[in-house]
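Fold and contact review
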Amino acid sequence: MIRRHSLSAVCMHWFNAFCWIALLFTGFALLSNPAMQPVGMWWADLWTGVFGAYGLLVFHLLIGSAWLAVYFLYLIFGLRHDVIPFLKEVFSLSPASDMIWCIRKGMRLVLGEKAMRSMGLDPALPPQGFYNAGQKLAAVAAVLCSVGLALSGLFLAALALHLVAPGSEDAAQWALFIHLLCAGVMAVVLPIHIYMAAFAPGEGPALRSMFSGFIPVTFIRHHNPLWYEQLVRKGVIRPETTFPKEPAMNIKTIASAVLAAVVLCAAPAFADGKMNLNTATEQELSANPAVGPELAKGIVEFRENVGDIKSMDELLEVKGVTPEVLEKLKQAVTVEAIEGAECSC
């Protein structure tokens, strides 16, 4: 796992999200002119019914003031570690590549890669860095709209509190226009950003990183290859960190591993499909239908007292082995050593 976001950046992300949603909801509710109401007058009636017209305005101003105050502190204390690196990343735009990424990503979500190939369209996405093109465009819109909302909102608040000298109608109209324009842009960008982050296929690790601050290296290598290459060059990760891909630890994988270990460790006890009497354990001999528990015990005792069995005929010295039994044993067991067979477990 690689740290992608600091704890302060994660907290500010969710504080920002809460404030934007609250400001959008209450801001649209403040529009009492039916011609300007994008949701419907029922929305304005719903909120004014709870807070009252003046109370809703105060609530909107309080949320906006808290948002500005916290962000002002964040800009001061997080300028070097969070703010400047973030701005450098999101404003490092590559217009042609970013536009191709956005168009192809949208078509992949709507049509799918298979349909795109059948139509002769290339579904491959241009390689991305720390942020992909969609994230950068959303962030740029958020930064610019935040500045516009903050400045115009402060002016409109000062106007509402009679802190601005009379005769500023033109400035007030421009401020209201900028405020509504920025709010409208964010009303479009925010749902798209939420969908791409929370519901788009394959984006789960990126969403979880906005809670934990960490993201898997495998995700970086696949979705952000340019950032992955930077991490490799800096020595943060090794190129082989993500491959070969680790197999999923399911029952089939575990069973295969166990079977392989059993075969490897049991190899010295078998030769040409026959059990080797010189290396097989008493339990293995007992489980062999041609030997059984009684003969197994006698064979092991013979090995301990005499040593390795040199030929099958020596088995006649084992109690319970008759010529008839020996003929049956010859079909199922052997005393030949297996060269090179060695248990490594």
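Rules used throughout
- The numbering scheme is per chain: residues are counted from 1 as the chain's sequence reads.
- Per-residue local features of the predicted model are confined to residues with pLDDT of at least 70, and side-chain atom pairs are confined, for both listing and counting, to 80 or more; whole-chain, interface and lining totals are unaffected and use all residues.
- Neither water nor hydrogens contribute to the side-chain values; these are computed over all heavy atoms in the structure.
- To qualify as a helix, a DSSP run of H or I must reach at least 4 residues; to qualify as a strand, a run of E must reach at least 2; elements of each kind are numbered from the N terminus.
- Buried means the residue's accessible area, taken with a 1.4 Å probe over protein chains only, is under 20% of the maximum for its type, while exposed means over 50%, and partly exposed covers the values in between.
- Counted as positive: Lys and Arg. Counted as negative: Asp and Glu. His and the chain ends are not counted at all.
- Whenever a carboxyl oxygen of Asp or Glu lies within 4 Å of a side-chain nitrogen of Lys or Arg, that contact is scored as a salt bridge.
- As used in this structure description, the phrase polar contact means that two N or O atoms lie within 3.5 Å; if the pair is within protein, one of them must be able to donate a hydrogen and the other to accept it, and residues adjacent in sequence are counted only when both atoms belong to side chains.
- The contact criterion used throughout is that any non-hydrogen atoms of two residues lie within 4.5 Å.
- Grid spacing is 1 Å over the protein atoms alone, the probe is 1.4 Å, and a cavity is where that probe fits but cannot get out, while a pocket is an open set with protein on both sides within 12 Å along at least five of seven lines and lining residues have an atom within 4 Å of a point.
- Grid points are joined across faces, edges and corners, and a volume is the space filled by probe spheres set on the points.
- In these notes, a set of buried Ala, Val, Leu, Ile, Met, Phe, Trp, Tyr and Cys residues joined through side-chain atoms within 4.5 Å is what counts as a nonpolar core.
- Without a salt bridge and with relative accessible area above 30%, a residue can belong to a patch; like charges are then joined within 9 Å and nonpolar side chains (Val, Leu, Ile, Met, Phe, Trp, Tyr) within 5 Å.
- Only the protein chains shown count as cover for residues, and all accessible areas are computed by the Shrake-Rupley method using a 1.4 Å probe.
- The pairing test for Phe, Tyr and Trp rings, Trp by its six-membered ring, is centres within 6.5 Å, and the orientation test on the planes gives stacked under 30 degrees, edge-to-face over 60, and tilted for anything in between.

Details of the side chain of Arg4
Along the chain, Arg4 turns up in the loop between strand S1 (2-3) and helix H1 (7-29). The charged side chain of Arg4 is buried without a salt bridge, its nearest counter-charge being Glu203 at 6.8 Å. Here the side chain of Arg4 touches Phe130 through a polar contact of 2.5 Å, landing on its backbone oxygen. Not counting residues up to four positions away in its chain, the partners in contact with Arg4 are Phe130, Tyr131, Gln135, Ala206, Ser209, Gly213, Phe214, Ile215, Asn224 and Trp227.

Examining the layout of surface pockets
Volume-wise, the second largest pocket comes out at about 790 Å³. Around the second largest pocket, the lining comprises 29 residues; the ones closest to its centre are His60, Leu61, Gly153, Leu156 and His179. Within the residue set of the lining of the second largest pocket, elements represented by two or more residues are H1, helix H3 (53-77), helix H7 (133-160) and helix H8 (169-198).

Structural notes on the nonpolar core
Grouped together as the largest cluster of nonpolar side chains are 21 residues, with contacts concentrated most on Trp20, Trp67 and Met186. When residues in this core are grouped by element, the largest group, seven residues, is from H1. Excluding residues within four positions of it along the chain, Trp20 makes contact with Trp67, Ala142, Ser146, Met186 and Leu190. Residues Leu277, Met312, Leu315 and Val318 belong to the second largest nonpolar core, which totals 19 residues.

Some words on a nonpolar patch on the surface
A cluster of nonpolar side chains, Ile21, Phe25, Leu109, Val110, Leu111, Met119, Leu121, Ile194, Tyr195 and Phe199, forms an exposed patch at the surface whose accessible area comes to about 920 Å². Of all the elements in the fold, those that place two or more residues in the nonpolar patch are H1, helix H5 (95-110) and H8. Position of Phe25 among the secondary structure elements: in helix H1.

Details of the environment of Ser94
Residue placement: Ser94 occurs in the loop between helix H4 (79-90) and H5. With relative accessibility at 38%, the residue Ser94 sits in the partly exposed group. For the pair Ser94 and Ala133, spaced 39 residues apart in the sequence, the C-alpha separation amounts to 8.5 Å. If near-sequence neighbours (up to four positions away) are discounted, Ser94 is found in contact with Met99 and Lys136.

Observations regarding the pattern of salt bridges
A pair can form between side chains of opposite charge whenever their charged atoms are brought close. Within the structure shown, the criterion is met by seven salt bridges. The salt bridge partner of Arg104 is Asp122, with a shortest N-O separation of 3.6 Å. Here Asp122 lies in the loop between helix H6 (113-118) and H7 and Arg104 lies in helix H5, a separation of 18 residues in the sequence. Relative accessible area serves as the criterion here: at 24%, Arg104 is assigned to the partly exposed category. What makes Asp122 partly exposed here is its relative accessible area of 41%. The partner of Arg117 in a salt bridge is Glu113, and the shortest N-O contact between them spans 3.5 Å. Taken together, the positions of Arg117 and Glu113, both in helix H6 and four residues apart, correspond to about one turn of that helix. On the basis of relative accessibility, which here comes to 53%, the residue Arg117 falls in the exposed class. It is possible to trace a salt-bridge network through shared partners that takes in Arg108, Glu113 and Arg117.

Here's the deal with the environment of Met312
Along the chain, Met312 falls in the loop between helix H14 (292-306) and helix H15 (323-332). Given the relative accessible area of 13%, Met312 is considered buried. In this structure Met312 touches Leu326, Leu329, Lys330, Val333, Thr334 and Val335, once residues within four positions along its chain are discounted.

A short note on the packing of aromatic side chains
As enumerated under the stated definition, the model contains 13 aromatic pairs in all. For the pair Trp47 and Phe51, a centre-to-centre distance of 6.0 Å together with 10 degrees between the ring planes defines the contact as stacked. In this pair, Trp47 and Phe51 are both assigned in helix H2 (residues 41-51), four residues apart and thus about one turn of the helix distant. Residue class for Phe51 comes out partly exposed when judged on its relative accessible area of 35%. Here the aromatic rings of Phe130 and Tyr131 are separated by 4.8 Å at their centres, their planes lie at 85 degrees, and the arrangement is edge-to-face. In this structure Phe130 comes out as buried when scored by relative accessible area, which is 16%. In this structure Tyr131 comes out as buried when scored by relative accessible area, which is 15%.

Function cannot be inferred from these measures alone, as they are strictly geometric.
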